Amino acid sequence: MKENDRVRLKVHKQKFLQYGYDVGAEATIIEPKVDGYWLIRFDGECVQDEAGVWYYTGRTLEALDEDLELISGKNQ
């Protein structure tokens, strides 16, 4: 796996569940691996709140190789 690859969550862990992500949730690797962890951004959407401020609903979290499966990228 590498930066910009698409990945799918393959584990059921509290650190993902607390944000609503479970097995099958898709994300993009957004940073190179550091100390064994990838920085991934889960899929979301851009929405506008009542004050007119736009924000992205997807979370950015750290994940291990064992947490992820590659679904698209040059290594596949």
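Quantities reported herein were computed from a predicted structural model and do not represent experimental measurements. (Residues numbered from 1 in each chain as written. Predicted model: local features only at pLDDT ≥ 70, side-chain atom pairs only at ≥ 80, totals over all residues. Heavy atoms only, no water.)

Draft legend 1. Looking closely at the overall build of the protein chain. Each helix and strand counted, the protein chain has one helix and seven strands in total. With the principal axes as the frame, the protein chain shows a C-alpha extent of 40 × 25 × 20 Å. Sequence-distant contacts, at least 24 apart, represent 50% of the contacts inside the protein chain between residues at least 6 apart. Of note, the protein chain has its 10 positive side-chain charges centred 5 Å away from the centre of its 15 negative side-chain charges. (Helix = DSSP H or I, 4+ residues; strand = E, 2+ residues; numbered from the N terminus. Contact = heavy atoms within 4.5 Å. Lys, Arg positive; Asp, Glu negative; His and termini not counted. Charge placed at Lys NZ, Arg CZ, Asp CG, Glu CD.)

Draft legend 2. Structural view of the sheet that holds strand E3 (residues 37-42). Taken in spatial order, the five strands make up an open sheet running E6-E3-E2-E1-E7, and their pairing is antiparallel. Of all the strands in the sheet, the pair left with one neighbour each is strand E6 (60-63) and strand E7 (68-72). For this sheet, the mean angle separating the axes of adjacent strands, direction not counted, is 45°. (Pairing = 2+ DSSP bridges. Axes fitted to C-alpha atoms, helices over the stretch in contact; angles between N-to-C directions.)

Draft legend 3. Geometry of the pairing of strand E1 (residues 6-9). A one-sided burial pattern is seen for E1, the buried positions being Val7 and Leu9 and the unburied ones Arg6 and Arg8. Across three bridges, E1 lies against strand E2 (residues 26-34) in antiparallel orientation. The residue bridging Arg8 from the neighbouring strand is Glu26, located in E2. Relative to E7, E1 runs antiparallel, the two sharing four bridges. The residue bridging Arg6 from the neighbouring strand is Ser72, located in E7. (Buried < 20%, exposed > 50% of the residue type's maximum accessible area, 1.4 Å probe, protein only.)

Draft legend 4. View of the environment of Ile30. Tracing the backbone through its elements, the reader meets Ile30 in strand E2. Sequence separation between Ile30 and Arg41 is eleven residues; the distance between their C-alpha atoms is 6.6 Å. Each residue touching Ile30, except ones within four places of it in the same chain, is listed here: Glu3, Leu39, Ile40, Arg41 and Thr60.

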